[in-house]
Amino acid sequence: MAGTTEVKKAACYFCHMNCGMLVHVEDGVVKKVTGDPEHPFNQGAQCPRGASAMDHLNHINRVNYPLKRVGERGSGNFKRVSWEEALEDIAARLKKYKAEYGAESIATAGGTNRTDDWARRRFFNLLGSPNVVHTSPVCWIPNFLVETAIYGWSAFDPEIMGSRCVVVWGHNPGASYLPEMRGLLEAREKNGTKIIVIDPRCSETAARADLWLPIRPGSDCALALAWLNVIINEELYDADFVENWTVGFEELRERVQEYTPEWAEAKTWVPAEKIALAARIYATSRPACIQWGVATDQLGRATSAVAQARAVLRAICGNLDVPGGDVMPGPHPTFITDVEMELNELLPEEQRAKQLGSDRFRLSTWPGYKLLNEQLERVWGKGLPAEWMCEASPPVLWRAILTGKPYPVKALIVLADNPLSSYANSRLVYEALNKLDLLVVMDYWLTPTAALADYVLPAASWLERPVLTTTYGVSDWLIASERAVQPLYERKTDYDFWRALGIKMGQEEYWPWQTNEEAFQYRLEPLGYGLETYEDFVQGVRFDFAPREYYKYLEKGFATPSGKVELKSSILETLGYDPLPHYVEPPFSPEATPELARDYPLILIAGGGFMPFYHSEHRQITRLRLLHPEPRVAINPELAQKLTIKEGDWVWIETPKGKVKQRAKLTTAVPPGVVQAERGWWYPEKGAKDLFGVWESNINACLDDDPDTCDPACGSWCTRSVLCRIAKVEG
């Protein structure tokens, strides 16, 4: 009806908070986007990204039609083709590679949760390839998997409002996740909650802390071990919980004796007295919680050791699954979860064994996944999704493409990802992408990676698709949101793409749902609301939170082989790793690589989220770019003075792997021996032939991803403790 205005309940997908939005639609056209005051996360608020939704939807540079490369790879020349032509050719080439080289010769790379990733995994399981990658080794998954090995699910749901002490560790919600920051400050104001921040920088969050521990980048493991030393030796732990619900405490007690606060002071640069004080506050302020932060997932070979020590801290202090502590939600009991949609059982054992990197990074690949899920299914009735939790190693994938070892990899489908700017060792990634026989990219934009593609396919954004939020498929709750409008031009959702390509590949019987909404409705049916359509659920129900239960282990035990928290982890031991907390120095540091430190004397932090961008996105949006037009490297004024660098100067940042430039931002927030560079930078205004300037300021070009420097359990590469030198750009 002409002139009809509807208000759609949508979810912003510009980061994985998935804040609720109300979209005002008139005659099929989006007229206004506002925050949803009834949404539990953002409660009506919008960040700059969410406020730019209409700019994103209607941007002149969006990819609107399928494009096929003409001319040399990287020439930037494409022609418009139909979806049918593109899918026919892609499917024919995939069949050819599978027949000649095996299904494992086909791989896929994904981004941060802009998609229905169960559909990607479903397609690849049916295809027969185990080679799915994300940036999961450097984002949450190492912590999640190590915690699951120790106590049978990640305690990723901190109840901040009921907590007496919150430890914000390697996380800066004051800059990256504003709803979380609001919750922290409300908890302190209403309940007197103490806030401890562990961060090398005096971040926006650290500046509001009750106690800030400015550690040396990458020394988190030393700090966690010293806390264990203090808490155990001063008997500040929860003795009843330790006695009744843990195994391995005496071995742990013996192990941590060497990790004194004085020992940790030399490693962390934090005075021993301050380390001990923080440990006492945390241990005696029960209930307390430790909030996850991405920084500790990015320490290279030290990554899983930090997660292990921190998981044990939570346990011995009695904070697991208690009100106001670190709650282990487990899977949603009735909703059909991601793992139940993936068809992992159809991937043959011989193909699982071919997963790239599974011979060395055993916790995050099929060997660990199988051990974990055996315990999870016994206790929870469901396991973890393979997507994110059981993936090939990206550094091993790039090398397999280049060398053909252990077998050839011929095709890569990139969806919601930009590997040239999001993975370490960008030059190597570039060489690998150039060597592929087939590179398919589905994205909103022509990105540096898309500029190299054989096909670029137009992706629908969040205003054009429904969103079912389930925290990567592992939460015990869900939030349903609807599409505001049908996809404009010839854009499609990722589900549409995988289904259409799957049908071309002979998978039709496994894709019974014609739309996202039909698939979501199928997943919601066991909840028993009896509603006819997915849209009815969004408008009438929208949320489903499983009843909050605490102390679930009293009835079920923990999902570990012993049924208890394994301070000495039998799963890690079975996989060949140290079962007890221990110290690991990051791969690049004055201690680990003193010869390198002579030429590269500074410590580089290459990462950290910052407004208004998210990862490598949004540089096209004018109103956002005006807020932050150029990349910035944070430098202490004392260091800048020594190097005659002034505010706003272009500065070279150099490591043995590469050299890029960013603008100097002089700030005492970083210590004199540390610099922090921004990640994700490329310049959409510079054109496809120049790969959009991806080599100018992309800090990933300076990072090493040698598998020997990666975390042995989960394959994480190092971004937070890298040796570098800087100099003013002359001329």
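Computed from a prediction, not measured in an experiment: that's the story for all the values here.

### Some words on the overall build of the chain
Assigned secondary structure in the chain consists of 29 helices and 27 strands. Scaling as 2.2 N^0.38, a compact globule of 731 residues should have a C-alpha radius of gyration of about 27 Å, and the chain matches this with 25 Å. Counting only contacts in the chain whose residues sit at least 6 apart along the sequence, the fraction spanning at least 24 positions is 75%. In the structure as shown, the chain presents an accessible area of about 25000 Å², 50% of it carried by carbon and sulfur atoms. Each charge sign in the chain was given a centre, from 79 positive and 96 negative side chains, and these centres are 5 Å apart.

### What about the nonpolar core?
If you look at the biggest cluster of nonpolar residues, it comprises 94 residues, and the most contacted ones within it are W227, I231 and I316. When residues of this core are assigned to their parent elements, the largest contribution, 11 residues, is made by helix α8 (residues 220-233). Those residues in contact with I231, other than ones at most four positions away along the chain, are L236, Y237, A279, Y282, A283, L313, I316 and C317.

### Quick look at the pairing of strand β25 (residues 658-666)
The sheet contact formed by strand β23 (residues 632-635) and β25 spans four bridges and is parallel. For V633, the partnering residue across the bridge sits in β25 and is A664. Here strand β24 (residues 650-655) folds back onto β25, and the loop between the two strands holds two residues.

### Description of the sheet that holds strand β15 (residues 411-415)
An order of β5-β4-β17-β16-β15-β6-β7 is seen for the seven strands of this open sheet, with the pairing classed as mixed. Two strands in the sheet have a free side with no partner beyond their single neighbour: β5 (78-80) and β7 (132-133).

### Remarks on the sheet that holds strand β22 (residues 602-606)
The strand order around the closed barrel formed by six strands is β22-β26-β23-β25-β24-β27, and the pairing between neighbours is mixed. Between one strand axis and the next, the sheet turns through 45° on average, direction left out of account. Bridge count for β24 against strand β27 (residues 722-728) is four bridges, and the pairing is antiparallel. Opposite W652, over in β27, you have A727 as the bridge partner.

### Brief notes about the packing of aromatic side chains
Counted by the stated rule, this structure contains 42 aromatic pairs. Through a chain of ring-to-ring contacts, the aromatic side chains of W140, F144, W153, F156, W292, W380, W388 and Y472 assemble into a single cluster. A cation over a ring is seen here: K661 above W650, with NZ or CZ 5.1 Å from the ring centre. Cation over ring: K686 sits above Y683, and NZ or CZ is 4.9 Å from the ring centre.

### Comments concerning the pattern of salt bridges
Across all of its chains, the model carries 44 salt bridges by this definition. Between R121 and E387 there is a salt bridge, with its nearest N and O atoms 2.7 Å apart. A residue pair is termed long-range when its members are at least 10 positions apart, and R121 in helix α4 (residues 117-127) and E387 in helix α17 (residues 386-389) qualify at 266 residues. Residues joined in a network through salt bridges with shared partners are D117, R120, R121, E387 and E391.

### Some details on unusual backbone geometry
For the bond from R286 to P287, the omega torsion is -5°, close enough to zero to count as cis. Looking at the element boundaries, P287 is found in the loop between α12 (272-284) and β13 (288-291). Of note, the phi angle at N18 is positive, near 55°, even though the residue is not glycine. In this structure, N18 sits in the loop between β1 (5-11) and β2 (20-26).

### As for the packing of helix α3 (residues 83-101) against helix α21 (residues 494-504)
Taken N-terminus to C-terminus, the directions of α3 and α21 make an angle of 55°; their axes are 9 Å apart at the nearest point. Relative to α21, the element α3 lies oblique. Here α3 and α21 pass one another in a crossing that is right-handed. Residue-level contacts link W83, E84, L87, E88, I90, A91, L94 and K95 of α3 to F497, A500, L501 and K504 of α21.

### Description of the packing of helix α11 (residues 261-268) against α12
Packing of α11 against α12 leaves a shortest axis separation of 8 Å and a crossing angle of 110°. Comparing the axis directions of α11 and α12 gives the class roughly perpendicular. Regarding α11 and α12, the two cross each other, and that crossing is right-handed. Together, P261, E262, A264, E265 and T268 of α11 and A272, I275 and A276 of α12 make up the contact between the two elements.

### Some details on the environment of Y430
Mapped onto the secondary structure, Y430 falls in helix α20 (residues 426-435). Distance from Y430 to Y282, taken between C-alpha atoms, is 45 Å for residues 148 residues apart in sequence. With near-sequence residues (within four places) excluded, Y430 lies in contact with L420, L452, L691 and W695.

### Re the environment of P408
Relative to the elements of secondary structure, P408 occurs in the loop between α18 (394-403) and β15. On the basis of relative accessible area, P408 is assigned to the partly exposed category, the value being 28%. Sequence separation between P408 and M442 is 34 residues; the distance between their C-alpha atoms is 23 Å. Those residues in contact with P408 that lie beyond four places of it in its chain are Y101 and S105.

### Section: α3
Relative to the 27 Å expected for 19 residues at 1.5 Å per residue, α3 spans 26 Å between its end C-alpha atoms, a close match to the ideal helical length. Residues of α3 that are buried: W83, A86, L87, I90, A91, L94 and Y97. All buried residues of α3 lie within an arc of 125° about the axis, which places them on one face of the element. As for α3, its buried residues are in contact with β6 (106-110), α4, β15, β16 (438-443), β17 (455-458) and α21.

### Some thoughts on the side chain of T447
With respect to the secondary-structure elements, T447 resides in the loop between β16 and β17. Those residues within four positions of T447 in sequence are excluded, and the remaining contacts are N418, W682 and F692.

### A word on the side chain of E342
Residue placement: E342 occurs in the loop between α14 (338-341) and α15 (349-352). An unpaired buried charge is present at E342: no salt bridge exists, and R121, the closest side chain of opposite charge, is 5.1 Å distant. Within the structure, E342 has its side chain in polar contact with the backbone nitrogen of E387 (distance 3.1 Å). Residues contacting E342, with those up to four places away along its chain left out, are W118, R121, R122, N125, Y369, P385, A386 and E387.

The rules we used
Residues numbered from 1 in each chain as written. Predicted model: local features only at pLDDT ≥ 70, side-chain atom pairs only at ≥ 80, totals over all residues. Heavy atoms only, no water. Helix = DSSP H or I, 4+ residues; strand = E, 2+ residues; numbered from the N terminus. Rg over C-alpha atoms; globule rule 2.2 N^0.38 Å. Contact = heavy atoms within 4.5 Å. Areas by Shrake-Rupley, 256 points an atom, 1.4 Å probe, with all protein chains shown as cover. Lys, Arg positive; Asp, Glu negative; His and termini not counted. Charge placed at Lys NZ, Arg CZ, Asp CG, Glu CD. Core = buried A, V, L, I, M, F, W, Y, C linked by side-chain atoms within 4.5 Å. Buried < 20%, exposed > 50% of the residue type's maximum accessible area, 1.4 Å probe, protein only. Pairing = 2+ DSSP bridges. Axes fitted to C-alpha atoms, helices over the stretch in contact; angles between N-to-C directions. Phe/Tyr/Trp six-rings, centres within 6.5 Å; stacked < 30°, edge-to-face > 60°. Lys NZ or Arg CZ within 6 Å of the ring centre and 35° of its normal. Salt bridge = Lys/Arg side-chain N within 4 Å of Asp/Glu carboxyl O. Parallel < 35°, antiparallel > 145°, perpendicular 65-115°, else oblique. Left-handed = near helix turned anticlockwise from the far one by under 90°. Expected span 1.5 Å × (residues − 1). Arc of directions from axis to C-beta. Polar contact = N/O pair within 3.5 Å; in protein donor to acceptor, adjacent residues only side chain to side chain.

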